[in-house]
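# An overview of the molecular structure
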Amino acid sequence: MALKGLDIFKLSPKKNCKECGSPTCMAFSMKVAQGAVSIDACPYFSEDAKAAMSEATAPPMKTIKVGAGENEMVLGGETVLFRHEKTFVNKTRYAVDICSCMDDATIEAKVAELKHVDYERIGERMYVEMIDVEYDPASGADRYVEVVKKVAGEGRVLILDCQDVEVAKAALDVCKDAKPVLNGANAQNYEAMSKLATEAGVVLGVYGADENELFDTLAALEKLGNKNLVFNACTSSVKAAFATAVQFRKAAIKDSNRTCGYPSIVNVSKLAKGDSHLQAALLSLFTVKYGSIVIAEKISYAEALPLYGLRQNVFTDPQKPMKVEPGIYRINGADENSICLTTVDFALTYFVVSGELERSGVPCNLIINDAGGLSVLTSWAAGKFSSSSIAKFFQEQDIEGKIKCRKLCIPGKVAVLKGELEAKMPGWEIIVAPREAVQLVKFLKDMQ
Amino acid sequence: MPFTAKSGKFSASINTLTMGTGEKAIVLGGENVLPFYTFDAPIENAPKVGIEITDGGLEAEPECVKKYYEGCETIVDMAKKAATFEGVDFLSIHLEGGDPNGENKPTEELIKIVKEVAEAVDLPIVISGCKNVEKDSEIFAKASEVLSGKNAVMLAAKEENYKNVGASAGLAYKQIVGAESADDINLAKQLNVLLTQLGVDAKSIVMNVGTAAAGYGYEYVVSTMDRIKAAALQQGDATLQMPIITPVASETWGIKESIATEEDMPEWGDQEARGIDMEVETAAADLASGSNAVILKHPVSVATISKMIKALV
Ligand code: SF4
């Protein structure tokens, strides 16, 4: 929330001494409000005034960093409730949970399974970014540390899910440089846990039996000066977890309740134990509604494919359409003699068209033009998908050198380009494809 | 100091709409809060889950769905079986075979199916068209007639055929008119206005405001629904207060994540699990964004989503 010039003036020293370079404190305050100068240009603002100002101008939700080196990732920092208002900035991260109650073979299998999901989708690496390591008191402290050690080298950010201070300390000792999340503060142990987290320089995760206890513990931790926090959505029921995630986010963004303004952890593994499909549904629910980290029992390709696609969609900039890399996409085992189709680089167009082409089973070369990431008609209207741009693109990419087939299908919506393309690209037979992607299967099959 | 949240209850609410008749009738909408925000105010009518069968019968179903209909010889058998699956609130008969660019089945043949199914099950019925606007006008007119008095949903009228569908389904036979637009709040609003100007009761309109499988331009679905719910509840825009119904199955069972076999994509693993999770995750996102009803295909998806809804409301 931006402070107004007048609010700053109220806090100013009102000496009008001009040392800041402005004629009056009022003028200076106005410039600070516009962001034109820094408050530090005046040597006389009291520390209290500066603190009050930084509090008032602080973002509603804290930006929290976890992990180290190339595994460092950013959570929170959101400024809105709905993506059409402004981009959601820091995507949901996913974790798979393991427990010190599991034997080595189970843990190894789980780690292998989660590491198996690792692929790229429109320039983004899709993988399970975190491992949640749950402490089982029955199998003891040593076993916990052993398990933490075992998974620490897997290139994933760890969440140390342990509310026992001594055990947590021992576990931190073996992995703190990798900046795990110490997920173990509660209403009873928060002072000791906070000390531990602060000393190790790691983020502290906070639990509460209900929203009130959670809120009070967060407030108490803030009072201790620890604002490097994340909170756990209540695990008593799906309903309670959803209520915490939504209500805290709303309170932070809409009501400037800063104590609620931390990233959230939602443990769907606890909420739907043993029911992998319900967990899949909840992974999706908490991606749409305000989970910063979501923990599940397993994330295989079945859960991941829709989930990561959904996340990529939801966290995209509403002003900037998603683009795919221009070039030749060979579909259904196409080779240089297979028929060519061309369209724009708008990600949605690409996905819909390539999906239909795959469904047809017909080998074909899909040639994606550089059209500014716009849809067919929009890019055509903007002159970014024209006969000249297509001809130029074919030349630059040396399509004729790479593909021998000279049949090129163009989207039905730009059928007008046919004549111009035939003139500009001699030797090519230009075929007008259907207007809608769903008709492509029939179109390709009929042509064969 | 306990946590105090400001209530997000609105003075406006979503229209209530009854589908079907008798004991199995269901009510959509009525809430004055955002989806599943029961902490702001109670949600009386939880979102509903429908199961889809098609005129193609068992043969047209994905391999992994077939086993659930074992022993079914006709579409009527399938409908009866579908009605017994856990979590099913209503039945959608998807007449995709009517498409002139596809199988082009005659309307009479499709209507015969509709009639037989409706006589065999007492669940509320949705008739999902073939997407060809001319053919759909014909199908919905005839289906509305044979389903007279059943409070069925005709899914859906579009900008190109709303006059025909509105007149037959809405005016002549008092069925529920589905209004379909593609991911654009203004188009959704315009279609509702046009239908009501035609004389269709605003309270018997249900919207399909666009849908996509998760990952396939889903951001438009979320933002369109977010905006529509904000307009309906926060701004009290009566032309957008209709409940939303979202066909999920027809989107998710055609994409590669669901149809690629294990031989095609060995690293992706079990095909059935992929199909279910794609359907379930898309449906969960739809419901979180504002759908009052979703239409699914796989019985496990239906049971799962129904369970999620019960846990949230
Ligand atoms: S230096 Fe500070 S006190 Fe002096 S005029 Fe500028 S704002 Fe006022």
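Reading the values: rules and limits
Residues numbered from 1 in each chain as written. Chains lettered and ligands numbered in written order. Predicted model: local features only at pLDDT ≥ 70, side-chain atom pairs only at ≥ 80, totals over all residues. Helix = DSSP H or I, 4+ residues; strand = E, 2+ residues; numbered from the N terminus. Contact = placed C-beta atoms within 7 Å. Core = buried A, V, L, I, M, F, W, Y, C linked by C-beta atoms within 7 Å. Buried ≥ 20, exposed ≤ 12 C-beta atoms within 10 Å, placed from the backbone. Near = placed C-beta within 6 Å. Nonpolar A, V, L, I, M, F, W, Y, C, P; charged D, E, K, R; others polar. Domains from an automatic or database assignment.

Time to look at the overall build of chain A. In terms of regular secondary structure, chain A is built from 18 helices and 17 strands. Oriented by its inertia axes, the alpha-carbon framework of chain A measures out at about 75 × 70 × 35 Å. Excluding contacts between residues fewer than 6 apart, the proportion of contacts in chain A whose partners are at least 24 apart in sequence is 62%.

On to the nonpolar core, then. Most often, soluble globular proteins have nonpolar side chains that are buried together. Membership of the largest hydrophobic core comes to 234 residues, with the highest contact counts inside it found for A:Leu160, A:Leu182, A:Leu282, B:Ile127, B:Met154 and B:Ile305. The element contributing the most residues to this core is helix α9 (residues 238-254) of chain A, with 10 residues. Listed in part, the 7 residues of the second largest apolar core include A:Ile8, A:Cys25, A:Phe28 and A:Phe45.

A few words on the site of the ligand. In the neighbourhood of the ligand, 13 residues make up the surrounding shell, with A:Cys17, A:Cys20, A:Cys25, A:Phe28 and A:Cys42 lying closest. When the residues that make up the shell around the ligand are grouped by side-chain class, the tally is 7 nonpolar, 3 polar and 3 charged.

Another aspect to go through is the interface of chain A and chain B. Counting residues at the interface gives 50 residues for chain A and 47 residues for chain B. Listing elements by their share of the side of chain A that touches chain B, those giving two or more residues are α8 (211-223), α9, α11 (276-288), α12 (301-314) and α13 (347-360) of chain A. Considering every element that reaches the side of chain A that touches chain B, the biggest residue donor is α12(A), with 11 residues.

So, on to unusual backbone geometry. In this structure, B:Ala156 follows B:Leu155 across a cis peptide bond, with omega equal to 10 degrees. In this structure, B:Ala156 sits in strand β6 (residues 153-157). Although it is not a glycine, A:Lys14 sits at a positive phi angle of roughly 55 degrees. Along the polypeptide, A:Lys14 turns up in the loop between α1 (5-11) and α2 (25-34). Positive phi, close to 85 degrees, is recorded for B:Lys131, a residue that is not glycine. With respect to the helices, strands and loops of the structure, B:Lys131 is situated in the loop between β5 (125-128) and α4 (133-146). The class of B:Lys131 is partly exposed, set by 19 C-beta atoms lying within 10 Å.

Examined at the domain level, chain A breaks down into domain 1 (5-50), domain 2 (63-314) and domain 3 (327-447). Distance from the C-alpha centre of domain 1 of chain A to the C-alpha centre of domain 3 of chain A: 60 Å.

Looking now at the environment of A:Val288. Structurally, A:Val288 can be placed in helix α11. Residue A:Val288 is classed as buried on the basis of its 25 C-beta neighbours within 10 Å. Excluding residues within four positions of it along the chain, A:Val288 makes contact with A:Val314, B:Val222, B:Ala285, B:Ala288 and B:Ser289.

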